[in-house]
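Single-letter residue listing:
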Amino acid sequence: MYGGTQMVPSMKNHPVLWFYVLTFAFSWFGWSPMVARSHGITPFEHPLFQIFLLLPAVAPALAAVIVTATNEGKSGVDCLFRPLGQWRVGLVWLMIATIAPALFLLSGKTITQVLGLSANSIPVDGNIVGVAIATFVMSLLSNTWEEVGWRGFALPRLQKNHSALAATLVVGVLWGMWHVPLFLWQGHPMSNYPFLAWFIGTIAVSFIYTWLYNSTRGSLFVVTIFHVLTNTYGVIVSGVSVAALAMVYSLVALCLVAIFGKNHLAR
């Protein structure tokens with residue numbers, strides 16, 4: 001007979017599994033009141049429930065800290081956050097992280113216009129500079145903690161026993177699934193996105209993140225810049241189809257695998 005605790009995978013032996021279980025639990029719990037409210041479930045209409053949105057913003061980092069602290073103690077947590085300050089990676093990588101998101105969006109806009117696709121980006125009314133600054137600040141406060149989890153915790157641990165290709169697919173698929181509540185949240189901009197095209201694009205862009213992470217020897221500073229500016233430029237470059245952007249990301253991902261190889265996805 002096995003005891004109840006023995007039937008549950010240990011956090012030490014299965015750190016990545018526990019990281020994703022905790023991340024999904026915290027995040028989906030935090031999004032649930034807004035999803036329920038959007039479907040007319042009245043108890044969640046009170047503005048106080050919006051405080052739960054802080055959970056998804058920090059959940060990946062929080063889950064990574066819990067698992068790391070349990071397994072490795074304070075020194076492990078210090079190592080987890082240290083790559084956020086790893087900015088001395090070479091000017092070329094900083095330029096790629098800064099410029100590439102805009103180039104991808106502009107390429108997606110061109111494909112959208114050439115193929116006559118329906119644009120999924122939300123048109124910005126009023127002061128676009130103010131909206132861009134607000135988006136930048138909000139993205140900085142949330143995407144940073146995402147990257148601590150996705151690329152700072154999960155990716156390197158998966159790459160210890162698997163190729164960069166396999167690890168990226170796992171991170172990309174679960175990153176995409178993590179967003180599912182936003183597609184169920186009526187009125188949220190993502191609820192109008194075509195899920196399959198967006199999901200494919202999310203998996204494809206994960207290869208770009210892995211390439212940046214591995215090529216800079218694990219710099220979370222670089223991948224966070226890329227993530228934050230992708231969202232920020234997204235409100236500036238309007239008229240982009242999700243399907244077109246997925247095409248761009250997929251093409252770039254295939255090129256990266258072909259050039260740098262599936263095992264390391266880096267120089």
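What you are looking at is a predicted structure, and each value in this text was computed from that prediction instead of being measured. (Residues numbered from 1 in each chain as written. Predicted model: local features only at pLDDT ≥ 70, side-chain atom pairs only at ≥ 80, totals over all residues. Heavy atoms only, no water.)

With respect to the overall build of the chain
Logical step 1: When you go through the chain residue by residue, the secondary structure sums to ten helices and zero strands.
Logical step 2: Its helices and strands taken in sequence order, the chain reads α-α-α-α-α-α-α-α-α-α from the N to the C terminus.
Logical step 3: Here the chain has a C-alpha radius of gyration of 19 Å; the compact-globule value for 267 residues is 18 Å, and the two agree.
Logical step 4: Dimensions of the chain, computed from C-alpha atoms along their principal axes, come out at roughly 65 × 55 × 35 Å.
Logical step 5: Looking at the chain residue by residue over its 267 residues, the buried ones come to 45%. (Helix = DSSP H or I, 4+ residues; strand = E, 2+ residues; numbered from the N terminus. Rg over C-alpha atoms; globule rule 2.2 N^0.38 Å. Buried < 20%, exposed > 50% of the residue type's maximum accessible area, 1.4 Å probe, protein only.)

Points about the side chain of threonine 112
Logical step 1: Its place among the elements puts threonine 112 in helix α4 (residues 91-115).
Logical step 2: Threonine 112 has contacts with Leu117, Ala119, Gly239, Val240, Ser241 and Ala244, leaving out every residue within four places of it along the chain. (Contact = heavy atoms within 4.5 Å.)

Observations regarding a nonpolar patch on the surface
Logical step 1: A surface patch of nonpolar side chains, amounting to about 690 Å² of accessible area, comprises Ile128, Val129, Ile133, Phe136, Val137, Leu140, Leu141 and Ile236.
Logical step 2: In terms of residue count, helix α5 (residues 128-161) provides more of the nonpolar patch than any other element does, seven residues in total.
Logical step 3: Note that leucine 140 resides in helix α5.
Logical step 4: We classify leucine 140 as partly exposed; its relative accessible area is 39%. (Patch = residues over 30% accessible without salt bridge, like charges linked within 9 Å, V, L, I, M, F, W, Y side chains within 5 Å. Areas by Shrake-Rupley, 256 points an atom, 1.4 Å probe, with all protein chains shown as cover. Salt bridge = Lys/Arg side-chain N within 4 Å of Asp/Glu carboxyl O.)

Details of the pattern of salt bridges
Logical step 1: Summed over all chains, the structure comprises three salt bridges.
Logical step 2: Glutamate 72 serves as the salt-bridge partner of arginine 157, at 3.2 Å between the closest nitrogen and oxygen. Residue arginine 157 is located in helix α5, and its partner glutamate 72 is located in helix α3 (residues 54-81); the two are separated by 85 residues in the primary sequence.
Logical step 3: The class of arginine 157 is buried, set by a relative accessible area of 19%.

A look at the nonpolar core
Logical step 1: The biggest cluster of nonpolar side chains holds 64 residues, and the ones touching the most others in it are Phe19, Tyr20, Ile208, Leu212 and Phe226.
Logical step 2: The element contributing the most residues to this core is helix α8 (residues 195-215), with twelve residues.
Logical step 3: Residues within four places of phenylalanine 19 in sequence aside, it is in contact with Pro60, Ala63, Ala64, Val67, Gly149, Trp150, Phe153 and Ala154. (Core = buried A, V, L, I, M, F, W, Y, C linked by side-chain atoms within 4.5 Å.)

Some details on the environment of valine 237
Logical step 1: Looking at the element boundaries, valine 237 is found in the loop between α9 (220-236) and α10 (242-260).
Logical step 2: Sequence spacing of valine 237 and valine 222 is 15 residues, and the spatial spacing of their C-alpha atoms is 22 Å.

Brief notes about the packing of α4 against α8
When two helices pack together, their arrangement is given by the angle between the helix axes and the distance between those axes.
Logical step 1: Their axes nearest at 11 Å, the elements α4 and α8 cross at an angle of 170 degrees. It follows that α4 is roughly antiparallel to α8 by the angle criterion. Note on element contacts: α8 touches α4 through Ile208, Trp211, Leu212 and Ser215, opposite Trp93, Ile96 and Phe104.
Logical step 2: In terms of residue class, the contact of α4 with α8 is built from six nonpolar, one polar and no charged. (Axes fitted to C-alpha atoms, helices over the stretch in contact; angles between N-to-C directions. Parallel < 35°, antiparallel > 145°, perpendicular 65-115°, else oblique. Nonpolar A, V, L, I, M, F, W, Y, C, P; charged D, E, K, R; others polar.)

Digging into unusual backbone geometry
Logical step 1: Of note, arginine 217 is a non-glycine position whose phi angle comes to about 55 degrees, a positive value.
Logical step 2: Topologically, arginine 217 is positioned in the loop between α8 and α9.
Logical step 3: For arginine 217, a relative accessible area of 77% puts it in the exposed group.
Logical step 4: Even without a glycine there, the phi angle at leucine 265 is positive, about 50 degrees.

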